[in-house]
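Here's the letter readout for the chains.
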Amino acid sequence: MVTEACKKNHVTVNGLVAKPSKEVFATDKITFRKDQITQIITVLDIPENRVGAKLVDIYRRNDTSAEAYQHLELLKLSKEHYRKNGTGRPTKKDRRDIDEFIPSSNLNEGEEAES
């Protein structure tokens, strides 16, 4: 997953595009895009040996702004506002409501343009 992101130039280390084999050192800033927000991670230290997932936070700091996370929550709420996930396509009544809400650019029969 991360290898693919590196190959697509979606991961940068200190502002430079990173290859999958790029070595990182303490104080390096790693930037990548995940869930529609740009994540910024700072490497604090490199462990001597492999560590478990629970201990990874000791060696990194998340510098992503709180505004980015608020924006993500807003996106999630706006997607679920009208139709819940997994409820399928809109019904005929829903489509009529959408058509009423969105103004049509074409004039219907019998209507005249106002000057």
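Here is what the cut-offs are and how they apply
- Residues numbered from 1 in each chain as written.
- Predicted model: local features only at pLDDT ≥ 70, side-chain atom pairs only at ≥ 80, totals over all residues.
- Heavy atoms only, no water.
- Helix = DSSP H or I, 4+ residues; strand = E, 2+ residues; numbered from the N terminus.
- Buried < 20%, exposed > 50% of the residue type's maximum accessible area, 1.4 Å probe, protein only.
- Contact = heavy atoms within 4.5 Å.
- Core = buried A, V, L, I, M, F, W, Y, C linked by side-chain atoms within 4.5 Å.
- Polar contact = N/O pair within 3.5 Å; in protein donor to acceptor, adjacent residues only side chain to side chain.

Colleague: Report on the environment of Thr42, specifying residues and quantitative values.
Modeller: Within the fold, Thr42 resides in strand β4 (residues 37-43). Residue Thr42 is classed as buried on the basis of its relative accessible area of 5%. For the pair Thr42 and Asn14, spaced 28 residues apart in sequence, the C-alpha to C-alpha distance is 9.6 Å. Not counting the four nearest positions on each side in its chain, Thr42 is found in contact with Thr27, Asp28, Lys29, Tyr59, Arg60, Arg61 and Asp63.

Colleague: Report on the nonpolar core, specifying residues and quantitative values.
Modeller: Cys6, Val11, Val13, Ala18, Ile30 and Val43 form the largest nonpolar core, which has six residues in total. In this view, Val43 contacts Phe25, Ala26, Thr27, Asp28, Ile30 and Tyr59; residues no more than four positions away in its chain are not counted.

Colleague: Give a detailed account of the environment of Thr38, specifying residues and quantitative values.
Modeller: Secondary-structure assignment places Thr38 in strand β4. Among all residues touching Thr38, those that are not within four sequence positions of it are Thr31, Phe32, Arg33 and Thr64. A polar atom in the side chain of Thr38 sits 3.3 Å from the side chain of Arg33.

Colleague: Would you mind going over unusual backbone geometry in detail, with residue names and values included?
Modeller: In this structure, Asp35 takes a positive phi of about 55° despite not being glycine. Mapping Asp35 onto the fold places it in the loop between β3 (29-34) and β4. Unusually for a residue other than glycine, Gln36 sits at a positive phi of about 65°. Positionally, Gln36 belongs in the loop between β3 and β4. Given the relative accessible area of 42%, Gln36 is considered partly exposed.

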